[in-house]
Amino acid sequence: RFLLEYLPDREKAISEMLRVCVPGGRVLLQDLDGQLVWHYPCDEQLQGGIGRVLRRLSATGFDPFVGRKLFSLARNAGLHNIEVRAESYHLIAGRIDDHNYNLWQLKLAIALPAMAQALNNRAEAEALCDTFLAYLRRDDTLTYSVVFTVVGTKPGEEGSVDAHA
């Protein structure tokens with residue numbers, strides 16, 4: 001869950017999940033689409049900074065849009081009977097509550113070293129984090145992301161998995 005956005009070789013990871021799955025077994029993939037990316041109204045400073053970080057992190061394999069790719073990845077790996085769900089994950093309309101604000105502070109503190117490296121400037125990364133947090137405190141903003149859940153079956157004897165095993 002929420003791992004594929006960080007892997008440089010998603011196809012290999014899913015193929016490996018399928019390889020170790022028993023015939024008729026199920027593989028569940030779940031990841032976000034658009035985390036930290038979608039906001040309205042648009043703030044050019046915020047979007048520009050996020051865009052710069054994402055472009056530089058893409059070289060590591062990081063992909064904030066992997067959720068929408070899970071269905072295709074599952075098909076290409078050979079899964080059958082694929083089920084797909086898309087649901088709201090982050091949905092912050094207006095001023096964020098204190099609990100979730102604190103969680104975003106923690107997320108950004110964890111991300112800060114990678115952001116500073118991507119921007120080659122810790123002060124600029126800190127300013128971007130501050131801009132993002134200030135944006136979440138505004139009354140007129142909307143921030144959201146989507147979580148995709150994809151479940152597929154490994155070809156073989158459907159229903160052959162012992163639920164008690």
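Nothing here was measured: the structure is a model prediction, and the numbers come from that model.

## Looking at a nonpolar patch on the surface
- On the surface, a cluster of nonpolar side chains totalling about 410 Å² of accessible area is made up of Tyr40, Leu91, Leu142 and Tyr144.
- Counting through the fold element by element, Tyr40 comes out in strand 1 (residues 26-40).

## Overview of the packing of aromatic side chains
- Taken as a whole, this structure holds four aromatic pairs when the rule is applied.
- Seen in terms of ring centroids, Trp104 and Phe132 are 5.2 Å apart; in terms of plane orientation they differ by 55°. Their pairing is tilted. A residue pair is termed long-range when its members are at least 10 positions apart, and Trp104 in helix 4 (residues 98-119) and Phe132 in helix 5 (residues 122-136) qualify at 28 residues.
- Three or more aromatic residues link up through ring pairs in this structure, and these residues are Trp38, Phe65 and Tyr144.
- A cation sits over an aromatic face here: Lys107 above Trp104, 4.2 Å from the ring centre.
- It is Arg137 that lies over the ring of Tyr101; its NZ or CZ is 3.6 Å from the centre.

Criteria and cut-off values
Residues numbered from 1 in each chain as written. Predicted model: local features only at pLDDT ≥ 70, side-chain atom pairs only at ≥ 80, totals over all residues. Heavy atoms only, no water. Patch = residues over 30% accessible without salt bridge, like charges linked within 9 Å, V, L, I, M, F, W, Y side chains within 5 Å. Areas by Shrake-Rupley, 256 points an atom, 1.4 Å probe, with all protein chains shown as cover. Salt bridge = Lys/Arg side-chain N within 4 Å of Asp/Glu carboxyl O. Helix = DSSP H or I, 4+ residues; strand = E, 2+ residues; numbered from the N terminus. Phe/Tyr/Trp six-rings, centres within 6.5 Å; stacked < 30°, edge-to-face > 60°. Lys NZ or Arg CZ within 6 Å of the ring centre and 35° of its normal.

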